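Structural characterization, general
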Amino acid sequence: MDIFEKSQSLNVIDLLKRVKLYPFFRKIEDTQGATVVSDNKKLVMMGSNNYLGLTHDPRVIEASVAATKKWGTGCTGSRFLNGNLKLHEELEETLADFLGYESALVFATGFMANQGAITGLCGPSDYIYSDKENHACIVEGCKLSKSKFIVYKHLDYDALEERISKAPSDASKLIITDGVFSMTGRIADYKRIHEIAEKHGAMTYVDDAHGLGVIGEGGRGTVSHFGLKSDILMGTFSKSLASQGGFICASHEVNRWLKHKARTFMFSAGLSPASSAAALKALEILRDEPARVTEQQANAAYLKMKFQEAGLDTMGTETSVIPVFIGDDQTALNVCKQLFDKGVFTTPVMYPAVPRGNAVIRCSVMTTHTKKDLDRAAEAFADLSTMIQAANKNTATDAMFDVMTMSPEKAMSYIKQKIKESQT
Ligand SMILES: Cc1ncc(COP(=O)(O)O)c(C=O)c1O
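Residues numbered from 1 in each chain as written. Predicted model: local features only at pLDDT ≥ 70, side-chain atom pairs only at ≥ 80, totals over all residues.

Structural notes on the pairing of strand β2 (residues 35-38)
Two elements, strand β1 (residues 30-31) and β2, share 2 bridges in a ladder whose sense is antiparallel. Bridge pairing links Asp 30 to Val 37 in β2. Following β1, the chain reverses through 3 residues before pairing antiparallel with β2; Gly 33 in that reversal takes a positive phi of roughly 95°. With 4 bridges joining them, β2 and strand β3 (residues 41-45) adopt antiparallel strand pairing. Bridging from a neighbouring strand, Val 37 pairs with Lys 42 of β3. Here β2 folds back onto β3, and the loop between the two strands holds 2 residues, one of which, Asp 39, carries a positive phi near 50°. (Pairing = 2+ DSSP bridges. Helix = DSSP H or I, 4+ residues; strand = E, 2+ residues; numbered from the N terminus.)

Overview of the nonpolar core
Looking at soluble globular proteins, one finds that nonpolar side chains tend to be buried together. Residues Ile 175, Ile 248, Cys 249, Ala 282 and Ala 377 are the most contacted members of the largest nonpolar core, which totals 120 residues. Top element by residues in this core is helix α11 (residues 273-288). It accounts for 9 residues. Counting the residues that make up this core, at least three belong to each of domain 1 (5-31 + 291-423) and domain 2 (57-288). Beyond its immediate sequence surroundings of up to four residues, Cys 249 is in contact with Leu 95, Ala 96, Leu 99, Tyr 101, Ala 104 and Leu 233. (Core = buried A, V, L, I, M, F, W, Y, C linked by C-beta atoms within 7 Å. Buried ≥ 20, exposed ≤ 12 C-beta atoms within 10 Å, placed from the backbone. Domains from an automatic or database assignment. Contact = placed C-beta atoms within 7 Å.)

Description of the site of the ligand
Looking at the ligand, there are 14 residues lining it, with Gly 110, Phe 111, His 135, Ala 209 and Thr 236 nearest. Looking at the shell around the ligand, the element that brings in the most residues is helix α4 (residues 110-121), giving 3 residues. For the shell around the ligand, the residue count by class is 3 nonpolar, 9 polar and 2 charged. (Near = placed C-beta within 6 Å. Nonpolar A, V, L, I, M, F, W, Y, C, P; charged D, E, K, R; others polar.)

Right under this line is the structure:
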């Protein structure tokens, strides 16, 4: 088999597109943040991470444009060498000050921040304890680091403690967790993690991609929500902060180390001026207008209540990520398409991102959603609640993922059959 042969199996995607069930890479033809145009249709955007709705704030846009005019369109090199702008350092100082850390280090993406920090800090003799549902880039970093990588059951801190107590007492240990889990909206119990870390001499690392701007004092995230600090706080600009890029907050010494050891920092160009300035302005708005956070929390509480009134299972969410539990993949695809037809943009989460037969439609709420937007989304879901509730009980674990290995003919008849089943 030649190296490209495997790519042929993905022709099932063309089949799904033909029956208008393919829910990914939808072309956005226009966007105002909370609403978008796709397939010539105006839709309420319920699938974005733009929690504070700042991507279209005129002040953020203006700052980004002004930075491009002042600094040019790119850094054309690593910050280590020729690409370290005063703007990057101003962003880092503002982040560290807002979040209460000695220092912050900005990377070109959140993915690179996690991968670079974990591989920069951990090696074969170290022990990393990681929640099973941690983001893929944490998993990548842990694997690449060649550390002893111990995965504990999602949110099961007894399991964490049991595992960590078995490590040699003099070993270097790191507990790493998402602050807010991106698929369920659940919050890690950082109080418990902190206690376990203290007891067993471990350091803590929180990825707060979905906590920053969403929970905690003035949107300071998960550790602030518990009134505590983590040894490392990772965040991204690609969600509440309306831009692109990621960062690590830590002590001065740790970030000095990462500046000289994290390969994703050293061997990649610095964050563009436009993205840096947008993130800085969004951060200043978050700092100066904490009401944006409480408005977003109120919107999330409203939508969650509407979903629950409609008998939908929101999986214990505590934040602005509001999943609706579906069950089998076919119904998830079908629900997504019907929501689209009703003017609501959502994204399904299916195996292997979740266990088989546990597909979810992930919604997320923004400050800039109007009550009308939220009502529209809630009504569209409520219209489908009978179908969704029936799927909740469906134990079928056939995954769309499996279809990828079938012949095109078999895949087509399989898909048609499944669509028929999920519509009856
Ligand atoms: C929990 C978590 N960590 C890290 C990342 C990566 O962030 P970025 O989009 O900045 O690469 C994401 C993005 O999806 C995320 O959800």
